[in-house]
Amino acid sequence: MTGVQTCALPIFSLIAAAQVKAGELEGARRSAALAGSKAAEARVLVGIASVALENNQTGWARETLDSASRIARDIDPDADRAQVLSYVSSAHIKAGNLKAARDAVSEAVRAVEKISLDDKRRDATLSTVASAVAKTANVPKALDLAGRIGSEFYKANTYRDIAAAQAEAGRKGDAANTFQRAMTAAATEESNFLSASAFNAIAAASAKAGFSNGAVKGFQRALAAAGSEKSASLRASSYTSIAQNQFEAGQRDAARKTIALAIKAMADLTGKREQEKSLKKVSQVLVKAGEPALTGAVIKTAGAMAVAAQAKAKAEKDARDQGRNAERKKEQQKKKAINGFTKIAEEIRAKPALVDTKSYLATLGRKKPPEIVLGIAATARDMADVLGRLLR
């Protein structure tokens, strides 16, 4: 898919979704056809089918998904085909059409198995397909695909999805084991930010599946990984996401403490725009969680942080100005040194019979910077050497 098509996809998705909500079903399909590539068209069709399902238009949604399946079969390369067919399969599950879901995901599996080992999209595609396979109750195949994933981050996310599918099917024991495999993969991820993201998602899924203790442990591991992240921006983002999931999991006291960590991380942000963006996300989380008092505190904190940011910016500007002034003064001293040495050299040439040259130079040197006096010499050649050292 080209960059233009990728950028245009959300626009056509929004337009088509609005048409479905307005009852303009065929118009929505025509909008999907304008999305560009076959992959883009199929993805828009999956999107509008999902909107139709929310509006209880199941029959039309199934027809649209069938169209998406036919288009997806001709998509090239394999990675695009596998991903789109996985989306189609998951949508069929929501529509209650298990057979169609299994047909689509089987084709997705065939496509993903053709992807070369050195393809950068292989891990992400394997993850998408494995998650879709798990939803069709083919857990052994889903676990097989998950085991082929090289990235610990994608592996953790995949095991999480498989565990969620097992829990939904009532297989609590198997789900607990698979959640543990997800935790192990998340712990092995080298990136602190990605590790925190994986643990956070595992904790959220564990909470939804009824594993409250597992959720608490997952959030604790997520907080630990986030705290080790050096980037203040990523650290603040991690804490905010963790707090959101903690609120949704009913862990309100823990979520409030995590919000405090997010705000503390924001204090380390250097850019005003970064601070505003992070504070907006925190405020949105708090509003959604029904925390008006804490939202007000965050707004006050935002004002204080803005003042602190301005003071810091002024201090940095003053330091830069001082640095520039020091450099300017140094350049001026260099020019004076050059002029002084030039004058001395000219006078020596004019008075070659001068007996006490060193005394003469020392007398002149008392009017020059100390480093020139110390480096004074009796000949023009020596002065050139001294000048070269001064100007290094």
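Residues numbered from 1 in each chain as written. Predicted model: local features only at pLDDT ≥ 70, side-chain atom pairs only at ≥ 80, totals over all residues. Heavy atoms only, no water.

### Points about the side chain of aspartate 123
Note the following rule: Secondary structure elements are defined from DSSP: runs of H or I of at least 4 residues count as helices, runs of E of at least 2 residues count as strands, and each element is numbered from the N terminus. Type-normalised accessible area, obtained with a 1.4 Å probe on protein chains alone, sets the label of each residue: buried when under 20%, exposed when over 50%, and partly exposed for intermediate values. When charges are counted, Lys and Arg are positive and Asp and Glu negative, with His and the chain ends excluded. In the sections that follow, a salt bridge refers to a side-chain nitrogen of Lys or Arg positioned within 4 Å of a carboxyl oxygen of Asp or Glu. By the criterion applied in these results, polar contacts are pairs of N or O atoms within 3.5 Å in which, for protein atoms, one can donate a hydrogen and the other can accept it, and in which residues neighboring in sequence qualify only through two side-chain atoms. Residue contacts are defined here by distance: any two heavy atoms, one from each residue, within 4.5 Å place the two residues in contact.
Relative to the helices and strands, aspartate 123 is located in helix H7 (residues 122–135). Here aspartate 123 occupies a buried position and makes no salt bridge, while the nearest side chain of opposite charge, arginine 122, is found at 4.5 Å. Only 3.1 Å separates the side chain of aspartate 123 from the backbone nitrogen of glycine 150, close enough to count as a polar contact. When near neighbours in sequence (up to four residues on either side) are disregarded, aspartate 123 contacts Arg148, Ile149, Gly150, Ser151 and Tyr154.

### Examining helix H9 (residues 152–168)
Defined as follows: In a helix, the anticipated span is given by 1.5 Å times the number of residues less one.
Between its first and last C-alpha atoms H9 spans 24 Å; for 17 residues at 1.5 Å apiece the expected length is 24 Å, and the two agree. Counting buried residues along H9, twelve of its 17 residues qualify, which places the element largely inside the surrounding structure. Among the residues of H9, Phe153, Lys155, Ala156, Asn157, Thr158, Tyr159, Arg160, Ile162, Ala163, Ala165, Gln166 and Ala167 are the ones counted as buried. Residues of H9 that are buried in the fold lie against H7, helix H8 (139–147), helix H10 (172–188) and helix H11 (192–208).

### A few points about the packing of aromatic side chains
We describe a pair of aromatic rings using the distance from one ring centre to the other and the angle between the two ring planes. Heads up, the condition is: Classification of ring pairs uses Phe, Tyr and Trp, with its six-membered ring standing for Trp, and accepts pairs whose centres are within 6.5 Å; under 30 degrees between planes counts as stacked, over 60 as edge-to-face, and the remaining range as tilted.
For the coordinates displayed, the defined rule picks out two aromatic pairs. Taking 5.7 Å as the distance between ring centres and 70° as the angle between the ring planes, the aromatic pair formed by phenylalanine 179 and phenylalanine 211 counts as edge-to-face. With a gap of 32 residues between them, phenylalanine 179 in helix H10 and phenylalanine 211 in the loop between H11 and helix H12 (212–227) connect regions that are remote in the sequence. According to the relative accessible area criterion, phenylalanine 179 is buried, its value standing at 5%.

### Some remarks on the layout of surface pockets
Convention followed: With a 1 Å grid spanning the protein atoms alone, the term cavity applies to any set of points in which a 1.4 Å probe fits but cannot get out, the term pocket to an open set with protein on both sides within 12 Å along at least five of seven lines, and the term lining residue to any residue with an atom within 4 Å of a point. Grid points are joined across faces, edges and corners, and a volume is the space filled by probe spheres set on the points. Throughout, the ten residues Ala, Val, Leu, Ile, Met, Phe, Trp, Tyr, Cys and Pro are labelled nonpolar, Asp, Glu, Lys and Arg are labelled charged, and all others, Gly among them, are labelled polar.
Reported here for the largest pocket is a volume of approximately 510 Å³. Together, 22 residues line the largest pocket, and Ser90, Ile93, Ser131, Lys135 and Glu168 are the ones closest to its centre. Only helix H3 (38–54), helix H5 (78–94), H7 and H9 provide two or more residues apiece to the lining of the largest pocket. Counting residues per element, the lining of the largest pocket draws most heavily on H5, which supplies six residues. Residues that form the lining of the largest pocket fall into these classes: eleven nonpolar, six polar and five charged.

### Section: the packing of helix H13 (residues 232–248) against helix H14 (residues 252–266)
Our working rule: All axes are obtained by fitting lines to C-alpha atoms, using only the stretch in contact for helices, and the reported angles, taken between N-to-C directions, cover 0 to 180 degrees. Angle categories are assigned with fixed cut-offs, so that under 35 degrees is roughly parallel, over 145 is roughly antiparallel, 65 to 115 is roughly perpendicular, and the rest are oblique. Each helix crossing is assigned a hand: it is left-handed if the near helix lies turned anticlockwise from the far helix by less than a right angle, otherwise right-handed if that turn is clockwise.
Viewed as axis vectors pointing N to C, H13 and H14 meet at an angle of 165°, and their least axial separation amounts to 8 Å. Taken together, the axis directions place H13 and H14 in an arrangement best described as roughly antiparallel. Classified by chirality, the crossing of H14 by H13 is left-handed. For the pair H13 and H14, the contacting residues are Ala232, Arg235, Ala236, Tyr239, Thr240, Ile242, Ala243, Gln246 and Phe247 in the first and Arg252, Ala254, Ala255, Arg256, Thr258, Ile259, Leu261, Ala262, Ala265 and Met266 in the second.

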